[in-house]
Amino acid sequence: MGDEDKSHSVNSYYDNYDAMTTKDDAHLVSQSIESVTPHCGPSSSTKRCLHDMTKLLLAVLYLALFAVAGMVAYNAISDYMSSRRHPVTSITYRPMDVYPAPGIVVFSSDINAVFLSCGHYYDDIVAPPNLDPNYKNCTYMNVSYPNPYFPERNRKAVVFKGPTKLNRKEILFMNFSLNLTARNFSGIEYLLFHDWEEFISSPSQKEFVRQCDIKNPTWTFSGGMLTWIKLALTETFNLDGSYYPAFNVEDSMVKYNDPRSQEEKMNELFFVMFEWGDKFITEAHLVVTISPWNTVGVLCGVFLTLFKAGEFVTKSIRWLIKARQGNRNDDPNQKMS
């Protein structure tokens, strides 16, 4: 036998195999269609009609389970993504007797105010604070850095070490003076940062204060009054593990009854006191209410349900097909036809 005859016989074998496979597939498809199509005509038996209706209900049940499973999977994924975009805040309170020393940056040079005196006082002030310009019983540092909004100018500030001992009602008192000849309104701007030690250990105190000037909010205390400022600290912990400290400031003002002469009153005095007003640090933790493992568990349950439901429906339809074929073999009218 030549090569051409061998090739022809191989091709004929595959053609016959494809034709048989196509015929078998068509037969199975027609059987499946027939198996799920109810035959409840007048000539059909009650048993056959009941079998057909059962197959149809099983198919409908499987489609309903598939639709419900798809909705559950979609809702599980969408809920998880929504919880990632919109985390909730869990609040806890940490009691404190001694706080880390905050930093207080006072921009007195912006209005050419002069720093006169400062001091720490404890357990409620009974006697008036010391107003002697040479009395500086506090830790402070003068800093000058390029203005972040006007780089061609330098901005000068006095950075103070804030109070720490809440249990002793520690107060930091500061006093400034300003010549009123050129101003109708007067106020000194200040900002806060949470850790004095971080400022001291920074390789560049100037750049540290400059970054605080850019990122941190500022407040103002007015002249001719005593401004009493109470501090509270909130720490926000983000999802990536970082945290951001922020101060809440509550201030109150009382009028200063100036005993000086009219000529001396041309220099307006500023008085400000800082103390901790809250014995708890507020910790705000951003959390995701839905864990990714919960979503994975829901999806696994959905797919397992679909698999088991499909397996059950497939076995039921096969059993009904075999039962129908058995009924046909037992029916003498179908054998004659």
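What comes next is a walk through the structure.

Here is what the cut-offs are and how they apply
Residues numbered from 1 in each chain as written. Predicted model: local features only at pLDDT ≥ 70, side-chain atom pairs only at ≥ 80, totals over all residues. Heavy atoms only, no water. Helix = DSSP H or I, 4+ residues; strand = E, 2+ residues; numbered from the N terminus. Buried < 20%, exposed > 50% of the residue type's maximum accessible area, 1.4 Å probe, protein only. Contact = heavy atoms within 4.5 Å. Areas by Shrake-Rupley, 256 points an atom, 1.4 Å probe, with all protein chains shown as cover. Patch = residues over 30% accessible without salt bridge, like charges linked within 9 Å, V, L, I, M, F, W, Y side chains within 5 Å. Salt bridge = Lys/Arg side-chain N within 4 Å of Asp/Glu carboxyl O. 1 Å grid on protein atoms, 1.4 Å probe; cavity = no way out; pocket = protein on both sides within 12 Å on 5 of 7 lines; lining within 4 Å. Points joined across faces, edges and corners; volume = space filled by probe spheres on them. Nonpolar A, V, L, I, M, F, W, Y, C, P; charged D, E, K, R; others polar. Pairing = 2+ DSSP bridges. Arc of directions from axis to C-beta. Disulfide = S-S within 2.5 Å. Core = buried A, V, L, I, M, F, W, Y, C linked by side-chain atoms within 4.5 Å. Phe/Tyr/Trp six-rings, centres within 6.5 Å; stacked < 30°, edge-to-face > 60°. Lys NZ or Arg CZ within 6 Å of the ring centre and 35° of its normal.

With respect to the overall build of the chain
- For the chain, the helix and strand inventory stands at 6 helices and 13 strands.
- Looking at the chain as a whole, 31% of its 337 residues qualify as buried.
- Taking the contacts inside the chain whose residues are at least 6 apart along the sequence as the reference set, 76% of them involve residues at least 24 apart.
- Per element, the accessible surface of the chain, about 21200 Å² overall, is 58% carbon and sulfur.

Considerations on a nonpolar patch on the surface
- Judged by side-chain polarity, Met-53, Leu-56 and Val-60 come together as a nonpolar surface patch covering roughly 220 Å² of accessible area.
- One can find Met-53 in helix H2 (residues 46-85).
- On the basis of relative accessible area, Met-53 is assigned to the partly exposed category, the value being 35%.

Here we look at the layout of surface pockets
- Its volume calculated, the largest pocket comes out at about 390 Å³.
- Along the wall of the largest pocket there are 16 residues; nearest its centre are Phe-193, His-194, Cys-212, Asn-216 and Tyr-244.
- For the lining of the largest pocket, the secondary-structure elements that each account for two or more residues are strand S8 (187-193), helix H4 (205-215) and strand S11 (243-255).
- Among the elements that make up the lining of the largest pocket, the one with the highest residue count is H4 (5 residues).
- Taken together, the residues that form the lining of the largest pocket break down as 10 nonpolar, 3 polar and 3 charged.

Examining the pairing of strand S2 (residues 103-107)
- In terms of burial, S2 is a largely internal element, 5 of the 5 residues being buried.
- In this sheet, strand S6 (residues 154-161) lies alongside S2 in antiparallel orientation, the contact comprising 4 bridges. Looking at S6, one finds that Val-105 is bridged to Val-159.
- Judged from the 5 bridges that link them, S2 and S8 form a sheet pairing that is antiparallel. Bridging from a neighbouring strand, Gly-103 pairs with Phe-193 of S8.

Some thoughts on H4
- What H4 keeps buried is the set Phe-208, Val-209, Cys-212 and Asp-213. Down the axis of H4, the sector holding all buried residues measures 140 degrees, keeping them to one side. Facing away from the buried surface of H4 by more than 90 degrees, the exposed residues are Lys-206 and Lys-215.
- Buried residues along H4 sit against S2, strand S5 (140-146), S6, S8 and helix H3 (196-201).

Here's the deal with the state of the cysteines
- For the coordinates displayed, the defined rule picks out 1 disulfide.
- A sulfur-sulfur distance of 1.8 Å marks the disulfide that ties Cys-118 to Cys-138. Because the torsion about its S-S bond is -85 degrees, the bridge between Cys-118 and Cys-138 counts as left-handed. You can see Cys-118 sitting in strand S3 (residues 114-121) and its partner Cys-138 sitting in the loop between strand S4 (136-137) and S5, a full 20 residues away along the chain.
- According to the relative accessible area criterion, Cys-118 is buried, its value standing at 0%.

Quick notes on unusual backbone geometry
- One non-glycine residue, Asn-112, lies in the positive phi region at around 60 degrees.
- Take Asn-112: it is sitting in the loop between S2 and S3.

A short note on the nonpolar core
- Formed by 29 residues in total, the largest nonpolar core has its most connected members in Val-106, Phe-160, Met-174, Phe-176 and Phe-274.
- Once residues within four sequence positions are removed from consideration, Met-174 is found in contact with Ile-104, Val-106, Ser-117, Cys-118, Phe-160, Phe-270, Phe-271, Val-272 and Phe-274.
- Of all hydrophobic cores here, the second largest spans 14 residues; its members include Val-159, Leu-191, Phe-193 and Phe-199.

Focus: the pattern of salt bridges
- Enumeration according to the criterion identifies 8 salt bridges in this entry.
- Taking the shortest distance from any N to any O, the salt bridge between Glu-235 and Arg-94 comes out at 3.3 Å. Taken together, the residues span a long stretch of sequence, with Glu-235 in strand S10 (residues 225-237) and Arg-94 in strand S1 (residues 88-95) at a distance of 141 residues.

Quick word on the packing of aromatic side chains
- In this structure the tally under the stated criterion is 20 aromatic pairs.
- Measuring from centroid to centroid gives 5.4 Å for Tyr-190 and Phe-274, while their planes differ by 80 degrees, and the two rings are edge-to-face. In this pair, Tyr-190 is assigned in strand S8 and Phe-274 in strand S12 (residues 267-276), connecting sequence segments 84 residues apart. Each of the two residues, Tyr-190 as well as Phe-274, counts as buried.
- These aromatic residues form a ring-pair network of at least three members: Phe-115, Tyr-140, Phe-160, Phe-176, Tyr-190, Trp-219, Phe-221, Phe-270 and Phe-274.
- Directly above the aromatic system of Phe-115 lies the positively charged group of Lys-136, at a separation of 5.1 Å from the ring centroid.
- Lying over the aromatic face of Phe-107, Arg-155 brings its terminal NZ or CZ to 3.8 Å of the ring centre.

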